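The chain contents come next:
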Amino acid sequence: MEPPDSSVQSPDLVSLELTVENVEKALQQLYYDPDMEHKNVAQKWLTQAQTSRQAWQFCWPLLSPDKLPEIQFFGASTLHTKISCHWADLPTDQHQTLRMQLLSHISHFSSGPKMVLTRLCVALASLALHTMPQGWPQAVADMVRVYQPEKAGDQGGSQGGVGVGGGGGAEEEVNANAHCLALLELLTVLPEEFQSYRLPQTRRAQLREALAGEWTAVCPLLRQLLQRQEGNSQVKERALRCLSSWVGLDVPLHGESEGLLQDCFAALSDPELFDTAVETIVSSISQPDCQRYTDALVNLMPLVLGLHDQLKAAARDGDMETSHGICRIAVALGETHSRTLLEQVEHWQGYLALVNMILFCTGIPGHYPVNETTSSLTLTFWYTLQDDILSFEEDKQVVYLQVYRPVYFQLVDVLLHKAHFPSEQDYTSWSSDDKEQFRIYRVDISDTLMYVYEILGAELLSNLYDRLGRLLMDTERPKAWQDTEALLFGFQAIAETIDVNYSDVIPGLIGLIPRISISNIQLADTVMYTIGSLAEWLADHPMMLGNVLPMVLQGLVKAELSVSSVSTLKRICRECRHDLAPYIHEIMTVSQDVLVKDIHKSSQCMWLMQGLGFLLSALPMEEILGSLTTLLTPHIQRLDTLAHQEPSPTAKLSIIHILGMLSSLFTTLDISRQDEGSEGTTPAQARPNPVVVVLQQVFTLIQTILSKWLSDSEVVELSEMLGQIYSAFPQASALDLTRQMVHIFAGEKDHFSPIQALIELVTSTTLSIFQQGPREHPDIVESFMQLHAQALKRKSDLYLSDHQDVKALFYCGVLSLKFPETPTAKSACMFFMELVCHCGDIPPIGQVLQRDGKLLVHTILEIVGSQSLCCLTEHFSEVLFCLNRHCPVLLAQWLKEGLRVPGFPSAQVSMEQKDTFSQQLLREQTNKRRVKEIVKEFSLLCRGMQGTTGYSADY
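What you are looking at is a predicted structure, and each value in this text was computed from that prediction instead of being measured.

K.L.:
Is there a simple way to explain the overall build of the protein chain in this structure?
P.N.:
Across its full length, the protein chain carries 46 helices and zero strands. Of the contacts formed within the protein chain by residues at least 6 apart in sequence, a portion of 71% connects residues at least 24 apart. Carbon and sulfur atoms make up 51% of the accessible area of the protein chain, which amounts to about 42,000 Å² in all.

Spelled out as structure tokens, the structure:
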């Protein structure tokens, strides 16, 4: 290709005439000029060229056979742009001509280049969508007639006789295949183009109906191609992909379509087609609309079950690709249509066989993710099945449970076996990524065990306890540590999420734990986590603390058990603080020792200090200061030494660590409750606040540190008081420290004014960040929301000030809800939960909510309906719950106004389903858990992840 013309490279490119020659020169510049500025100029000029009226003319010469593929591709792309975006510019009498030109060019490009062919096909698909059904009533049938395989050598055709082939023999066969592939490409992109089009609801419905009517022309063609004995694999693969594209239009799964799906199963026997056939089958039977065709689904079960022997052989031979594909098919049928197939009681044996096939997939040999990756595909199926079983009426439940409880007991065995750690030698050889995937996999197993508990109930815990007891009491038979760990893991998974306070096996479990011989880090970790999961039970049975607390303290001195031992001790200190008096000396001694010796990483030290804060909160006031002094003196002395050293990176980290520990301790050290019922004791005002006493000791040190480190952004994290530093160097950590000051001092009358001034100062600075664009500062936004949530909770009087712009805070909160970062959105939810609680007693809050609450509700609906991560849905539901408790009439109005908008918050939910959601939500003013379930179900429904039957079952 010749070098670009100098005139094209100039910044005046935009002034050049729109001719074919200049378009080619601009393309030369775009593709081959090394100067990025010249490329950008060319790109801008070409984009403008595509939108011009002349583009309808200059695109055709660019498609000439003698042009380079890049030029031809631009010509085809220009055609698509003009048809899709500027269709109104083309007179109606030219529609037929344009169609014939496209059909002809697709024929000419059927042998390639592929990128040009695809763009031409997309252009014709766009034209069809503009003209169907009135202007081109049988568009798809016409396409099939023009390119159908058996007429590849025929010079005739419909709509003016577009030629599609010629010659004879081998050349004719090549042409036939090429035109067949071009036809399949065209038929594949047509539904995809429809799905990507932004159309009014009525027009979309009209087009969907028209396309569905054309399925009768597509289905026989695909069957013909898949059933050809001599057909090449490429054609069959394209036919399979074409079917995948059309099933998104909810084509009927009966009659010839059912036969077509059976042809897809036949294609599984061809190794070259296996992967594509799997994708096609899975996408076909995963459509919720398929539930209408019960007979077809029942007929599919023997086909899926017929793959069981192939599945077993693949598992035996370590063929992960084949086992993975077959498992996907089984799970797609079993999970998407579990309720429908459960209701076919005359075929219960077939569905039970399918469930057992999926159980085999769950227990497929090998360690995930090193030797197998299939078992994880099945875990959501077990939740779906139990959820559907428990949604039936009680008399039907009894029957289903009789059939499926034995399966779920088998499932427990399988899950615990899959959760087994490999041998230490093998585990050591795993990569860090493999270990992390295995950790996540075990979390998924623990979630699944929680669902299993819903089916098996207390009998599951008894079963696990009996097995653990036999294992630990049998001293003669050697046992692998993995067996003990897996059973404890099962207990911990259930106790973590289920209320086990009334279980009669927990006392026995607490008695068994000290008998465990800990010879391995993984086993020790699980022992720690199991004890932690029982912290609430221990609070109700404090006499059992002595059985397990020594094990936790033994773990605390081991660096390799840092996370599990520290988190467990923190949970025990939080839940059992009022029953730890006999153990407090030992806990404090061990904790002080590990902190001084730096056994744990900084984050675990913060957790430990939080736990000690809980512990000290339960002490009499006169004992707190003495314990604090003993605990903190070594660290304050160290801080004093560091404060007088010259700044250095090492000193900086140590300072941050020490002050971080102080902050962590003070966030959980709560003496406010000790004032309740304190008649006859020293008045609260006369008693020194232990936190104030400690801060007075370190205040001079902090001032010294700030004088040396004022310009260092990290040391802003050290400041607990100076809003001026935040104004000069905005940092999330400064907001966190401000929040801690609110927590500690906002309730004290003498400190209200400086706290109020500090909050107003950091708020003013942060509002300016929002005005400039907060997207680059998610950490600041997160901490800002947390600060105001804390302030609303601790001292809502702060918002009576004229200097506090509640309306601006409200809009900042709405913006924060939309942040993709999970912690930021979660913090915004916390802010609104606290804000809504004060709509009645703080007039500025009530006024802004009355005026702008609709924006808040509609924002939440938009996020829940289209973007929300599963882990965030419950937080958004809590905001809606608060609104329903404090302003139900307004919420009802806002929901009505938002949900009556067509397609909002998702096109996948009907008006009836939105009404159901609204009614269910509005009648739940006390049951927060139920509100979370309602919002979660609605969110899944909006994103097409749950069938409508399951959603409306409770209504």
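K.L.:
Hey, could you run me through helix α2 (residues 20-32) in this one?
P.N.:
Given 3.6 residues to a turn, an α-helix orients residues that are three or four positions apart in the same direction. Helix length check: α2, at 13 residues, gives a terminal C-alpha distance of 18 Å against a target of 18 Å (1.5 Å per residue), a fit within 8%. Residues Val20, Asn22, Val23, Glu24, Ala26, Leu27, Gln28, Gln29 and Leu30 constitute the buried set of α2.

K.L.:
Before we go on, may I ask you to explain helix α43 (residues 888-899) in this structure?
P.N.:
The terminal C-alpha atoms of α43 lie 16 Å apart, and with twelve residues this matches the ideal 16 Å at 1.5 Å per residue to within 8%. Those residues of α43 not exposed but buried are Leu890, Leu891, Trp894, Leu895, Gly898 and Leu899. The buried residues of α43 occupy one face: seen down the axis, they fall within an arc of 145°. Facing away from the buried side of α43, by more than 90 degrees, are the exposed residues Val889 and Lys896.

K.L.:
When you look at the confidence of the model for the protein chain in this model, what are you seeing that I'm missing?
P.N.:
When pLDDT drops low, the exact placement of atoms in the prediction is not to be read closely. Across the protein chain, the average pLDDT comes to 86, with 87% of residues at or above 70. Element-level pLDDT for the protein chain is lowest in helix α46 (residues 948-952), with a mean of 39, against a maximum mean of 97 in helix α18 (residues 348-362). Below a pLDDT of 50 lies the segment residues 151-168, which in the model reaches 35 contacts outside its immediate sequence neighbourhood of four places, other chains included. Between residues 947-955, whose pLDDT stays under 50, and residues either more than four places distant or in other chains, the model counts 21 contacts.

K.L.:
Is there a simple way to explain the packing of α2 against helix α5 (residues 69-85) in this structure?
P.N.:
Two packed helices can be described by the angle between their axes and the distance between those axes. Here α2 crosses α5 at 115°, and the two axes come no closer than 10 Å. For the pair α2 and α5, the crossing hand works out as right-handed. In this structure, α2 contributes Val23, Glu24, Leu27, Tyr31 and Tyr32 to the contact, and α5 contributes Glu70, Ile71 and Phe74. In the contact of α2 with α5, the residues fall into six nonpolar, no polar and two charged.

K.L.:
Where do I start with the nonpolar core in this structure?
P.N.:
Looking at soluble globular proteins, one finds that nonpolar side chains tend to be buried together. Judged by nonpolar contacts, the single largest core of 219 residues is most densely connected at Trp246 and Tyr404. Those residues in contact with Tyr404, other than ones at most four positions away along the chain, are Leu342, Trp348, Tyr351, Leu352, Val355, Leu385 and Ile389. Val742, Leu872, Phe881 and Ile934 belong to the second largest nonpolar core, which has 70 residues in total.

K.L.:
Just checking my understanding: could you explain the packing of aromatic side chains for this structure?
P.N.:
How two aromatic rings sit relative to each other is set out by the distance from centre to centre and by the angle between their planes. Inspection of the entire model under this criterion finds 18 aromatic pairs. With a centroid separation of 4.4 Å and 50° between ring planes, the pair formed by Tyr383 and Tyr451 is classed as tilted. With Tyr383 in helix α19 (residues 379-390) and Tyr451 in helix α22 (residues 432-456), this pair connects stretches of sequence that are 68 residues apart. For Tyr451, a relative accessible area of 21% gives the class partly exposed.

K.L.:
Please explain unusual backbone geometry as it appears in this structure.
P.N.:
Of all residues except glycine, most have a negative phi; of all peptide bonds, most are trans. Between Met132 and the following residue, Pro133, the backbone shows a cis peptide bond with an omega angle of -10°. Mapping Pro133 onto the fold places it in the loop between α7 (114-131) and α8 (139-147). In this structure, Asp250 is a non-glycine residue whose phi angle is positive, near 60°. You will see that Asp598, though not glycine, has its phi angle at about 55°, which is positive. Tracing the backbone through its elements, the reader meets Asp598 in the loop between α30 (584-596) and α31 (602-617).

K.L.:
Would you explain the pattern of salt bridges in this entry?
P.N.:
Side chains that differ in charge, positive against negative, can pair when their charged atoms come close. Applying the stated criterion across every chain yields a total of 26 salt bridges. Put simply, Glu933 and Arg930 hold a salt bridge, and the shortest N to O gap is 3.3 Å. Taken together, the residues Glu933 and Arg930, both in helix α45 (residues 928-942) and three residues apart, mark about one turn of the helix. Given a relative accessible area of 30%, Glu933 falls into the partly exposed group. One network of salt bridges, with partners in common, ties together Glu874, Glu878 and Lys932.

K.L.:
Sorry if this is basic, but what is going on with the side chain of Arg203 here?
P.N.:
Topologically, Arg203 is positioned in helix α10 (residues 201-227). Despite its burial, Arg203 remains without a salt bridge, the nearest opposite charge being carried by Glu209 at 9.9 Å. Looking at Arg203, its side chain comes within polar contact range of the side chain of Gln206, at 2.6 Å. Those residues in contact with Arg203 that lie beyond four places of it in its chain are Leu129, His130, Thr131, Met132, Pro133 and Gln134.

K.L.:
What is the right way to read the packing of helix α24 (residues 481-495) against helix α26 (residues 521-533) from this model?
P.N.:
One can describe the packing of α24 onto α26 by two numbers: an axis separation of 9 Å at closest approach and a directional angle of 25°. Relative to α26, the element α24 lies roughly parallel. Classified by chirality, the crossing of α26 by α24 is left-handed. Together, Trp481, Thr484, Glu485, Leu488, Phe489, Gln492 and Ala495 of α24 and Gln522, Leu523, Thr526, Val527, Tyr529, Thr530 and Ser533 of α26 make up the contact between the two elements. A breakdown of the residues in the contact of α24 with α26 according to their chemical character gives seven nonpolar, six polar and one charged.

K.L.:
I'm lost on the environment of Glu436 in this one. Help?
P.N.:
You can see Glu436 is positioned in helix α22. Separated by 67 residues in the primary sequence, Glu436 and Pro369 have C-alpha atoms spaced 9.7 Å apart.

K.L.:
Help me understand the environment of Val527, please; the structure alone is not making it clear to me.
P.N.:
Relative to the helices and strands, Val527 resides in helix α26. What makes Val527 buried here is its relative accessible area of 1%. Through-space distance from the C-alpha of Val527 to that of Ile513 is 7.5 Å; in sequence the pair is 14 residues apart.

K.L.:
Help me out: how do you make sense of the state of the cysteines in this one?
P.N.:
Covalent bonding between the sulfur atoms of two cysteines is what defines a disulfide. As enumerated under the stated definition, the model contains zero disulfides in all. Looking at Cys264, it has no disulfide partner, and the nearest cysteine sulfur is the one in Cys219, 9.6 Å off. No disulfide involves Cys327; its sulfur sits 3.7 Å from that of Cys361, the nearest cysteine.

K.L.:
Whenever I open this one, the side chain of Lys418 confuses me. Can you help?
P.N.:
Of note, Lys418 is situated in helix α20 (residues 394-418). Here the side chain of Lys418 touches Ile364 through a polar contact of 2.7 Å, landing on its backbone oxygen. At 2.7 Å, the side chain of Lys418 and the backbone oxygen of Gly366 are in polar contact. Among residues more than four places away in sequence, those in contact with Lys418 are Thr362, Gly363, Ile364, Pro365, Gly366, Glu372, Ser375, Phe438, Tyr441 and Ile445.

Cut-offs used in this document
Residues numbered from 1 in each chain as written. Predicted model: local features only at pLDDT ≥ 70, side-chain atom pairs only at ≥ 80, totals over all residues. Heavy atoms only, no water. Helix = DSSP H or I, 4+ residues; strand = E, 2+ residues; numbered from the N terminus. Contact = heavy atoms within 4.5 Å. Areas by Shrake-Rupley, 256 points an atom, 1.4 Å probe, with all protein chains shown as cover. Expected span 1.5 Å × (residues − 1). Buried < 20%, exposed > 50% of the residue type's maximum accessible area, 1.4 Å probe, protein only. Arc of directions from axis to C-beta. pLDDT = per-residue confidence, 0-100. Axes fitted to C-alpha atoms, helices over the stretch in contact; angles between N-to-C directions. Left-handed = near helix turned anticlockwise from the far one by under 90°. Nonpolar A, V, L, I, M, F, W, Y, C, P; charged D, E, K, R; others polar. Core = buried A, V, L, I, M, F, W, Y, C linked by side-chain atoms within 4.5 Å. Phe/Tyr/Trp six-rings, centres within 6.5 Å; stacked < 30°, edge-to-face > 60°. Salt bridge = Lys/Arg side-chain N within 4 Å of Asp/Glu carboxyl O. Lys, Arg positive; Asp, Glu negative; His and termini not counted. Polar contact = N/O pair within 3.5 Å; in protein donor to acceptor, adjacent residues only side chain to side chain. Parallel < 35°, antiparallel > 145°, perpendicular 65-115°, else oblique. Disulfide = S-S within 2.5 Å.

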